[in-house]
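Residue strings, one per chain:
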Amino acid sequence: MKTLFSILFTALSVSLVAQDIPQPNWDELNKTKPWEVTELYKEVPTVTPGANAGAPSDAIVLFNGKDQNQWQKAQFGSPVKMDGFKAMIPLIDPEYKGAPAEWKIIGEALEVAPGTGAIATKKAFGDVQLHLEWKAPKMPADKTGQAGGNSGVIFMGMYEVQVLNGYENPTYSNGQVASVYKQHIPLVNASTQPEEWQTYDIIFMAPKFSEKGVVVSPARVTVLHNGILVQNNVELLGPTCFIGTPYYIAHPEKLPLVLQDHSDRMQFRNIWVREL
């Protein structure tokens, strides 16, 4: 590095001499080590990566293939409301203690038990990095589109990233696999076939509100589907709405993460989260 630095100084000196411009005193500059001026030293926390997409050392494991201890029945059977959120927001309780989750553990996978309702984490989250793996079942030929193997990852119980079989299964673009449901179309469709495990790695930045309930910064989402970037730090217009235009209403800084029961036997495994 120093040799290169000296070469550059020499070249610059020759150039300056050629232009008859006063030269700096390179000997003095070398003594002061000007390159050190831009060097920063700060303690950076150490995190040990997990093997084979396993949880890193600072992660909270939400499903380890053995039990549903981190989950409970969601406060609402269907977190995504059709008629807006004015009636729902005041009822959201980050300390809600519900009944035990009723999904099934098949092998080391967590499987939706259709009709039992969505499940929610017992712990509330705000800004997070989420990793999960999911698998869609092979559906009958007459089950296509939104009925072709459907679930959802719903941050704070309100902001949904669609989980859906996207392999040769056309549907509306802002409702397809890896969409931010009804808001953002994925950049590409990175789907593999049903009955194959797929991965989501999602960065979710929760919305921030002023003391008066005004949005200071909207929610943002980045999604990698099977390792491919499909949502690039997109800005959310508000909580997910099935009907109508989304809009924000102030809510707690942290709320549970929800997995949706959409009446299909979707499976999940290797679920972990890092708080940011």
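In what follows, the structure referred to is the one given above.
Residues numbered from 1 in each chain as written. Predicted model: local features only at pLDDT ≥ 70, side-chain atom pairs only at ≥ 80, totals over all residues. Heavy atoms only, no water.

Asker: Help me understand the overall build of the protein, please; the structure alone is not making it clear to me.
Answerer: Scanning the protein from N- to C-terminus turns up two helices and 15 strands. Considering only contacts within the protein whose residues lie at least 6 apart along the sequence, 69% involve residues at least 24 apart. Accessible surface for the protein amounts to roughly 14900 Å². Of this, 56% is attributable to carbon and sulfur atoms. (Helix = DSSP H or I, 4+ residues; strand = E, 2+ residues; numbered from the N terminus. Contact = heavy atoms within 4.5 Å. Areas by Shrake-Rupley, 256 points an atom, 1.4 Å probe, with all protein chains shown as cover.)

Asker: Where do I start with the sheet that holds strand β2 (residues 71-73) in this structure?
Answerer: Within a beta sheet, neighbouring strands are joined by backbone hydrogen bonds and run either parallel or antiparallel to one another. In spatial order, the strands read β2-β5-β14-β7-β8; together these five strands make up an open sheet with antiparallel pairing. With partners counted over all chains shown, the strands left at the sheet margins are β2 and β8 (159-164), one partner each. Shown here is a sheet whose adjacent strand axes are inclined to one another by a mean of 30°, direction ignored. Sheet analysis places strand β7 (residues 150-155) next to β8, joined by six bridges and oriented antiparallel. Paired with N150 across the bridge in β8 is L164. (Pairing = 2+ DSSP bridges. Axes fitted to C-alpha atoms, helices over the stretch in contact; angles between N-to-C directions.)

Asker: Help me understand unusual backbone geometry, please; the structure alone is not making it clear to me.
Answerer: Glycine aside, residues mostly have negative phi, and peptide bonds are mostly found in the trans state. Positioned with a positive phi, K182 is a non-glycine residue whose angle comes to about 65°. Inspection of the secondary structure assignment puts K182 in the loop between β8 and β9 (198-205). Positive phi values are uncommon outside glycine, yet N233 reaches one of about 55°. Looking at the element boundaries, N233 is found in strand β13 (residues 228-235). By relative accessible area, N233 is classed as partly exposed at 39%. (Buried < 20%, exposed > 50% of the residue type's maximum accessible area, 1.4 Å probe, protein only.)

Asker: Can you help me understand empty space enclosed by the protein in this one?
Answerer: One pass over the structure, following the stated rule, counts two cavities of 30 Å³ or more. Of the volumes computed, that of the second largest cavity is approximately 50 Å³. Taken together, F125, G126, V128, F155, M156, F204, L255, P256, L257 and V273 make up the full set of residues lining the second largest cavity. A breakdown of the residues in the lining of the second largest cavity according to their chemical character gives nine nonpolar, one polar and no charged. (1 Å grid on protein atoms, 1.4 Å probe; cavity = no way out; pocket = protein on both sides within 12 Å on 5 of 7 lines; lining within 4 Å. Points joined across faces, edges and corners; volume = space filled by probe spheres on them. Nonpolar A, V, L, I, M, F, W, Y, C, P; charged D, E, K, R; others polar.)

Asker: What should I look at first to understand the nonpolar core in this one?
Answerer: Most often, soluble globular proteins have nonpolar side chains that are buried together. Core analysis: the biggest nonpolar cluster contains 45 residues, and F155 and Y200 have the highest contact counts within it. By size, the runner-up hydrophobic cluster in this structure holds five residues, among which are A74, A120, I154 and V258. (Core = buried A, V, L, I, M, F, W, Y, C linked by side-chain atoms within 4.5 Å.)

Asker: Looking at this structure, how should I read the pattern of salt bridges?
Answerer: Side-chain pairs of opposite charge can arise whenever the charged atoms involved come near each other. Counted by the stated rule, this structure contains seven salt bridges. Residue E235 pairs with R220 through a salt bridge whose shortest N-O separation is 3.0 Å. A residue pair is termed long-range when its members are at least 10 positions apart, and E235 in strand β13 and R220 in strand β12 (residues 220-225) qualify at 15 residues. When the shortest N-O distance is used, the salt bridge between K254 and E275 registers 3.4 Å. Here K254 is found in the loop between β13 and β14 (255-259), whereas its partner E275 is found in strand β15 (residues 267-275), with 21 residues between them in sequence. Classification of E275 as partly exposed rests on a relative accessible area of 34%. Through salt bridges with shared partners, a single ionic network connects K123, K254 and E275. (Salt bridge = Lys/Arg side-chain N within 4 Å of Asp/Glu carboxyl O.)

Asker: I'm lost on the environment of E196 in this one. Help?
Answerer: Looking at the secondary structure, you find E196 in the loop between β8 and β9. E196 sits 62 residues away from W134 along the chain, and the two C-alpha atoms are 8.4 Å apart. Every residue in contact with E196, bar those within four places of it in the chain, is listed here: W134 and K135.

Asker: Explanation requested: the side chain of Q183 in the structure shown.
Answerer: For Q183, the location among the structural elements is in the loop between β8 and β9. A polar side-chain atom of Q183 sits 2.7 Å from the main-chain amide nitrogen of L237. Aside from chain neighbours lying at most four places away, what touches Q183 is N174, L236, L237, G238, P239, T240 and P246. (Polar contact = N/O pair within 3.5 Å; in protein donor to acceptor, adjacent residues only side chain to side chain.)

Asker: Hey, could you run me through the packing of aromatic side chains in this one?
Answerer: Ring pairs (aromatic) are described by centroid distance and by the angle formed between their planes. One pass over the full model with this rule turns up seven aromatic pairs. On the basis of an interplanar angle of 10° and a centroid distance of 4.7 Å, the ring pair of F155 and F204 is categorised as stacked. Taken together, the positions of F155 in strand β7 and F204 in strand β9 put the pair 49 residues apart, joining distant regions of the chain. With a relative accessible area of 3%, F155 lands in the buried category. By relative accessible area, F204 is classed as buried at 0%. With 6.2 Å between their ring centres and 70° between their planes, F209 and Y248 make a pair best called edge-to-face. Highlighted residues: F209 in strand β10 (residues 208-209) and Y248 in the loop between β13 and β14, separated in sequence by 39 residues. (Phe/Tyr/Trp six-rings, centres within 6.5 Å; stacked < 30°, edge-to-face > 60°.)

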